[in-house]
Amino acid sequence: MHGEYKVPGGKLVVVDLEVGDGRIAGFRLAGDFFLEPDTALDAIDRAVNGLPVESDAATIAAAIRRGLPDDAVLLGFSPEAIAVAVRRSLSKATDWRDYDWQIIHDEPVSPNMHLALDQVLTEEVGAGRRGPTLRFWEWNQPAVVIGSFQSLKNEVDLDNAATHGFEVVRRISGGGAMFMDAESIVTYSLYAPGELVQGMSFADSYAYLDEWVITALKSLGIDAFYQPLNDITSAKGKIGGAAQKRLGNGALLHHATMSYDMDGEKMVQVLRIGREKMSDKGTTSAAKRVDPLRSQTGLPRTEIIERLKQTFAGLYGATTGGVTDDELAQAEQLVTTKFATPEWLRRVP
C-alpha cells in the first residue's frame, strides 16, 4: 500500500506498507523532508511497524514520538504528518491527479443561485454524474452570506444591510458570515470525492484543499499562509476564509471567499462583529483585520482569478467546462424551494 501527504507549507511525506494479521508490516518512510540524525528514519519505521491497522492518526503519531531519539530534528514534516500519510495509505485515499478535473467560470448569477449550485454540483459529483470540479463565482450584486448554523439577528444588522443594498442569504456549510460586495471578492468552490481527503482530520483537510491557492498567491508576491482552522492570510492581514460541507453521498463541498477590495467601514455597519470574535484574532478593529488582494498586489481582479486557474491546472491538470442545463434547472428549483425562502434564511433566527 502506498500513501502520500504534502504538508501544507512543508514537505512531501511518502509511505509504503503492507498488512499482515491485522498489523502494519514492511513500513518504509520517504520524502523530501529533512531529518537528523540519519538513524531517526529507521526509528520511525520501527515505531510504525507492528501497529494495529485500526490505529487512528493520534495513536500512530504518539508511537512515532516515543520511538524517536531525543536528539531527532524533523524539518518540513512531523509525526502527525506521517500519521496522516499512513491513514491515507490504509484507507486507499486518492490524490489530486487521480481525477480529471474541470474548471467552471461562468457568467454572473444571483447569490442564492450560487448557493444552490454548490448543493447541486456536490450531489452530482457524489452520484457520479459529474467529475471533480473547481468553480469560480461571479455576481454583480452585494450580499452577506451567513453560515448554516449562525443566528441571523446576531450576525447581521438587517436595517443597515437593506440601506446599503446587501441581500442576506444562508449557505449549507458552517463557518462565519462573509461580506461580499459586488465584484469585490474572489470566491471558488471545490466539488470533490471524499476519497481525496481520506485519512485526514477536518482541520488537515482545510489546508490540504487550499494549498494550491497559497501557491498561486505566493506567485503573485503575497506572503500567504494558512492559519488554522480555515483562514487564508498573510503578514499584512487576513485575505479570506474557507468552509466545508460533506453531504454523506461520498462527495464534499469546499469553498472559500477572498477579499479583493473592501469597504471596511461599511462592513462593520452591516455585520455585527463582537468583542469575542475580535479577541481571538488579536485585533481590536474589524475594519483593519482584512488586507484585500487589490492592496497587496495592485492587480485587476480578473488577473488574480486567471492566476488561480492557471496554478490549479498546472498542479493537477484540468479542462474548461460549464454547468449543464440540467444542473441549472435543479439549482433554480432549489432556489425557489429552499434558498430564497424565509424558512431557510431564518432557520436559526
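See the structure above.
Keep in mind that this is a model prediction, so the values were computed, not measured.

*Asks:* Account for helix H4 (residues 111-127), with residues named and values stated.
*Replies:* For H4, with 17 residues, the first-to-last C-alpha span of 25 Å sits near the 24 Å given by 1.5 Å per residue. Of all 17 residues in H4, 14 are buried, a share of seventy percent or more. Note on H4: the residue one or two positions beyond its end, Gly128, has a positive phi of about 80°.

*Asks:* How would you sum up the packing of aromatic side chains? Please name residues and give values.
*Replies:* Applying the stated criterion to the full structure yields 15 aromatic pairs. Ring centres of Trp96 and Tyr208 lie 5.9 Å apart, and the angle between their planes is 35°; this geometry places the pair in the tilted category. Placement of the pair is Trp96 in the loop between helix H3 (79-90) and strand E6 (101-105) and Tyr208 in helix H7 (residues 202-209), with a sequence separation of 112 residues. In this structure Tyr208 comes out as buried when scored by relative accessible area, which is 3%. On the basis of an interplanar angle of 85° and a centroid distance of 5.4 Å, the ring pair of Trp101 and Phe312 is categorised as edge-to-face. With Trp101 in strand E6 and Phe312 in helix H12 (residues 301-316), this pair connects stretches of sequence that are 211 residues apart. The class for Phe312 is buried, based on a relative accessible area of 0%. Counting every residue linked through ring pairs, the aromatic cluster contains Tyr5, Trp96, Tyr99, Trp101, Phe136, Tyr188, Tyr208, Trp212, Phe312 and Tyr316. Of note, Lys338 hangs over the ring of Trp344, and the distance from its end group to the ring centre comes to 4.5 Å.

*Asks:* Lay out H3 with the relevant residues and their values.
*Replies:* Side chains that are three or four residues apart share a direction in an α-helix, a result of its 3.6 residues per turn. End to end, H3 covers 17 Å across twelve residues, agreeing with the expected 16 Å (1.5 Å per residue, within 8%). The element H3 is extensively covered by neighbouring structure, given that eleven of its twelve residues are classed as buried. The complete set of buried residues in H3 reads Pro79, Ala81, Ile82, Ala83, Val84, Ala85, Val86, Arg87, Arg88, Ser89 and Leu90. Where H3 ends, the next residue or the one after it, Lys92, has phi of about 55°, a positive value.

*Asks:* Describe the pattern of salt bridges, with residues and values.
*Replies:* Tallied over the full model, the rule gives twelve salt bridges. Across the salt bridge formed by Lys238 and Asp231, the nearest N and O atoms sit 3.4 Å from each other. For Asp231, a relative accessible area of 5% translates into the label buried. The partner of Asp261 in a salt bridge is Arg294, with the nearest N and O atoms 2.8 Å apart. Here the residue Asp261 occupies a position in the loop between strand E15 (251-259) and helix H9 (264-270), and Arg294 occupies one in helix H11 (residues 293-297), the gap between them amounting to 33 residues. Asp261 sits in the partly exposed class, given a relative accessible area of 31%.

Rules used throughout
Numbering of residues begins from 1 in every chain and follows the order in which that chain's sequence is written. Given that this is a predicted model, residues contribute local features only at a pLDDT of at least 70 and side-chain atom pairs are listed and counted only at 80 or more, while totals for whole chains, interfaces and linings are drawn from all residues. As a rule here, side-chain values cover all heavy atoms of the structure and leave hydrogens and water aside. Comment: elements are numbered from the N terminus, with helices defined as DSSP H or I runs of at least four residues and strands as E runs of at least two. Between the first and last residue of a helix there are one fewer steps than residues, each counted as 1.5 Å, and that sum is the expected span. When a residue's accessible area, from a 1.4 Å probe over protein chains only, is under 20% of the maximum for its type it is buried; when over 50% it is exposed; and in between it is partly exposed. Aromatic rings from Phe, Tyr and Trp, taking only the six-membered ring of Trp, are treated as a pair when their centres fall within 6.5 Å; an angle between ring planes under 30 degrees marks them as stacked, one over 60 as edge-to-face, and anything in between as tilted. Only when the NZ atom of a Lys or the CZ atom of an Arg is both within 6 Å of the ring centre and within 35 degrees of the ring normal do we say a charge sits over the ring. One speaks of a salt bridge when a side-chain nitrogen belonging to Lys or Arg is within 4 Å of a carboxyl oxygen belonging to Asp or Glu.

These results come straight from atomic positions and should not be treated as a statement about function.
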